[in-house]
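Per-entry structural report
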Amino acid sequence: MFAKHACLAVLLAGCAAASAEDCFQIHIVDEATGRGVPLVEVSTTDATRHWTDSAGVVAFYEPGLMNREVFFSIKSDGYEFPKDGFGFAGKRLKTIPGGRAELKIRRLNIAERLYRVTGGGIYRDSVLAGLSVPLREPVCNAQVLGCDSVQSARFRGRIYWFWGDTNWLGYPLGNFKTTGAASDLPEAGGLDPAVGIDLDYFLAENGFVKKTIPWKGTGPTWISGLVALGDGDDERLFAHYQDIESKGGSFRASAQGLAEFDAETQEFRKIAEFPLDGPFPSGAHALLHEDHGTPYVYFCDPFPLVRVEATPAALADLSRYEAYTCLEEGSRRGDGRLDRDTEGQVRWSWKRDTDVIRPQDQERFVRRDQWDRRDAKLTLRDFETDSVVVTHRGTVAFNAFRNRWIMIFCEIGGTSHLGEIWYAEAASLAGPWSKARKIVTHNRYSFYNPRHHPIFDAEGGREIYFEGTYTSSFSGNDEKTPRYDYNQVMYRLDLADPRLALPAPE
């Protein structure tokens, strides 16, 4: 149920506007859907900049510019506003206090931007304007202003969420020991994922989020591969962890292993420590899938190249992890020893204590004439240009609507360094993966570590939801977008879109 919020008066006391009636509302909507578009920059000719909130609203109030005709430039990555005869993309509006203007923007992205999941001021302008909003905490939840890279899993009837480094409103240094929260399932009282997620953060005594990783390390502690095993009261939640140290401007693990989450204490505890030189699937997302009658946990990064039997004992034993690889069993990438059958053909299979092969390794083998390019299973190419798309991170899930395995992944070194999101599919979990289609783009801004949430799939899998970390980090752009920077933004993708009609994998 949407409701107006009593915090409106408090917010208005701290801003230039005296009341909601003083604001001029600018609503930017998707011309195809009529839905408000978040993250649209709206600026005046004197470079005063505003950004639409998660409802696509700017509550404009600027002394000296009210009750006047003001030109607003409008731009947003992946969207396009019509230009006038001089090439300016924007609109002249009469800024009447209490008035409202609706402007339509054309979406270039195949995916539709929905809302911001984390951070402060998610519905700031809507609240300032006195509008109804969906979230219980629309402007500041648990003193969190930024969250990096999400892991999520269904656990004991709720959705559990964990993030990396987290910005705090009380000090420039926040939580670096993994932030956690839970939310209700949509079918059990939670919000429709089309409108938002009400997060119940795990809190410390000061009202900020607590450290869900209680042990000390050399620096931050990050988790990955979050997975729930078992049923009912016996269900258990596990994750890989890495204690991180920074040297020379780069990050590396100083310790790693498996941890289990305790729902009572809202903290992880160590289950096993793993050697640093093993085939550890850091940064991956977990996928449960049965192969020939045996349940496995697959770790997708973004290709599902590492797996282990889906039992707590197997998860805790790195020697039982398998890699889907074309190397000889027991060998490492640097050895370059390819596994071939009696006819000399490169053979891909699941092997223990063996390195995975990355897309860049395949190209190295081609350059050394060690194999034919047709032996590669991990080369993704742009459906339109046939150029190679270098994958960074992402997720894989089976989709009932497409009747295929689908991948949502980030590209590294594309038209933005880490801001391009792609879609690909394969008939088999093992691939081959071949063609991909770009679905989200950014101009000198990052949107990394995307996470598809199959739990939110709708219309028989036709509509899927995914989020990623929107940040200036690694982008070469020093201009951080206020409130949005270093936070999670949710997108929706319609798999019936004809632009996603990819050819069958070769």
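Model, not experiment: these values are computed from the prediction.

Rules used in this analysis
- Residues numbered from 1 in each chain as written.
- Predicted model: local features only at pLDDT ≥ 70, side-chain atom pairs only at ≥ 80, totals over all residues.
- Heavy atoms only, no water.
- Phe/Tyr/Trp six-rings, centres within 6.5 Å; stacked < 30°, edge-to-face > 60°.
- Helix = DSSP H or I, 4+ residues; strand = E, 2+ residues; numbered from the N terminus.
- Buried < 20%, exposed > 50% of the residue type's maximum accessible area, 1.4 Å probe, protein only.
- Lys NZ or Arg CZ within 6 Å of the ring centre and 35° of its normal.
- Disulfide = S-S within 2.5 Å.
- pLDDT = per-residue confidence, 0-100.
- Contact = heavy atoms within 4.5 Å.
- Salt bridge = Lys/Arg side-chain N within 4 Å of Asp/Glu carboxyl O.
- 1 Å grid on protein atoms, 1.4 Å probe; cavity = no way out; pocket = protein on both sides within 12 Å on 5 of 7 lines; lining within 4 Å.
- Points joined across faces, edges and corners; volume = space filled by probe spheres on them.
- Nonpolar A, V, L, I, M, F, W, Y, C, P; charged D, E, K, R; others polar.
- Pairing = 2+ DSSP bridges.
- Axes fitted to C-alpha atoms, helices over the stretch in contact; angles between N-to-C directions.
- Patch = residues over 30% accessible without salt bridge, like charges linked within 9 Å, V, L, I, M, F, W, Y side chains within 5 Å.
- Areas by Shrake-Rupley, 256 points an atom, 1.4 Å probe, with all protein chains shown as cover.
- Core = buried A, V, L, I, M, F, W, Y, C linked by side-chain atoms within 4.5 Å.

Regarding the packing of aromatic side chains
- Enumeration according to the criterion identifies 28 aromatic pairs in this entry.
- Aromatic side chains phenylalanine 303 and tryptophan 433 sit 6.5 Å apart centroid to centroid with 70° between the ring planes, which places their arrangement in the edge-to-face category. Here tryptophan 433 lies in the loop between β30 (420–426) and β31 (435–440) and phenylalanine 303 lies in the loop between β22 (294–300) and β23 (304–309), a separation of 130 residues in the sequence.
- For phenylalanine 303, a relative accessible area of 5% puts it in the buried group.
- Through successive ring pairs, a cluster of aromatic residues spans Phe155, Tyr160, Phe162, Phe202, Phe261 and Phe268.
- Between the NZ or CZ atom of arginine 116 and the centre of the ring of tyrosine 484, over which it lies, the distance is 4.6 Å.
- Above the plane of the ring of tyrosine 296 lies arginine 307, whose end atom (NZ or CZ) is 3.8 Å from the centre.

What about the state of the cysteines?
- Using the criterion set out here, one finds zero disulfides in the structure.
- Free cysteine cysteine 147: the closest other cysteine sulfur is in cysteine 140, separated by 11 Å.
- Relative accessible area serves as the criterion here: at 0%, cysteine 147 is assigned to the buried category.
- Residue cysteine 300 stays outside any disulfide, its sulfur separated by 16 Å from that of cysteine 410, the closest cysteine.

Comments concerning the confidence of the model for the protein chain
- Mean pLDDT for the protein chain: 93, with 96% of residues reaching 70 or above.
- Every residue in residues 1–18 is under pLDDT 50, and counting partners more than four places away or in other chains gives 30 contacts.

Focus: the pattern of salt bridges
- Considering all chains together, one arrives at 37 salt bridges under this definition.
- Between aspartate 301 and arginine 393 there is a salt bridge whose closest N-O contact spans 2.8 Å. With aspartate 301 in the loop between β22 and β23 and arginine 393 in strand β28 (residues 391–399), the pair connects residues that are 92 residues apart, well separated along the chain.
- The class of arginine 393 is partly exposed, set by a relative accessible area of 25%.
- The partner of arginine 404 in a salt bridge is glutamate 425, and the shortest N-O contact between them spans 3.8 Å. Of this pair, arginine 404 sits in strand β29 (residues 404–411) while glutamate 425 sits in strand β30; the two residues are 21 residues apart in sequence, bridging distant segments of the chain.

Some points on the layout of surface pockets
- Taken as a whole, the second largest pocket spans an internal volume of roughly 490 Å³.
- In this structure, the second largest pocket is lined by 23 residues; those nearest its centre are Ser152, Ala153, Arg154, Ala286 and Arg451.
- Among the secondary structure elements, those contributing two or more residues to the lining of the second largest pocket are β11 (150–155), β17 (221–229), β21 (285–291), β28 and β32 (446–452).
- Per-class residue counts for the lining of the second largest pocket are 15 nonpolar, five polar and three charged.

A closer look at the sheet that holds β21
- With antiparallel pairing, five strands are arranged side by side in an open sheet as β21-β22-β23-β24-β25. Because the sheet does not close on itself, it has two edges, and the strands there are β21 and β25 (349–352). Across the sheet, the axes of successive neighbouring strands diverge by a mean angle of 35°, strand direction being ignored.
- Direction of pairing for β22 relative to β23: antiparallel, over a ladder of five bridges. Across the sheet, valine 297 pairs through a bridge with valine 308, a residue of β23.

With respect to the environment of phenylalanine 155
- Among the secondary structure elements, phenylalanine 155 is positioned in strand β11.
- Distance in space between the C-alpha atoms of phenylalanine 155 and leucine 237 is 7.0 Å, their sequence separation being 82 residues.
- Leave out the neighbours within four places in its chain, and phenylalanine 155 touches Tyr160, Ala228, Glu235, Arg236, Leu237 and Ala263.

Examining empty space enclosed by the protein
- Considering all chains together, one arrives at three cavities of 30 Å³ or more under this definition.
- Size it by volume and the largest cavity reaches roughly 100 Å³.
- Every residue lining the largest cavity is listed: Val117, Thr118, Gly119, Ile122, Leu135, Arg136, Glu137, Asn141, Ile197, Asp198, Leu199 and Tyr201.
- Of the residues belonging to the lining of the largest cavity, the class tally is six nonpolar, three polar and three charged.
- Its boundaries defined by the atoms lining it, the second largest cavity holds a volume of some 60 Å³.
- In this structure, the second largest cavity is lined by Trp51, Asp53, Arg116, Gly121, Arg124, Asp125, Pro482, Arg483 and Tyr484.
- Taken together, the residues that form the lining of the second largest cavity break down as three nonpolar, one polar and five charged.

As for the environment of tryptophan 433
- We classify tryptophan 433 as buried; its relative accessible area is 2%.
- Separated by 26 residues in sequence, tryptophan 433 and methionine 407 have C-alpha atoms that sit 9.2 Å apart.

Considerations on a nonpolar patch on the surface
- A cluster of nonpolar side chains, contributed by Tyr171, Leu173 and Phe176, occupies part of the molecular surface with about 310 Å² of accessible area.
- The residue leucine 173 is located in strand β14 (residues 171–175) in this model.
- Judged by its relative accessible area of 52%, leucine 173 is exposed.

Here we look at the nonpolar core
- Counting 50 residues, the largest nonpolar core has Phe299, Leu315, Trp371 and Trp433 as its most contacted members.
- If one sorts the elements of this core by residue count, β22 sits on top with five residues.
- Among residues more than four places away in sequence, those in contact with tryptophan 371 are Cys326, Leu338, Arg340, Val346, Trp348, Gln362, Phe365, Val366 and Ala376.
- Counting residues in each nonpolar core, the second largest holds 28 residues, with Cys147, Leu185, Ala194 and Tyr201 among its members.

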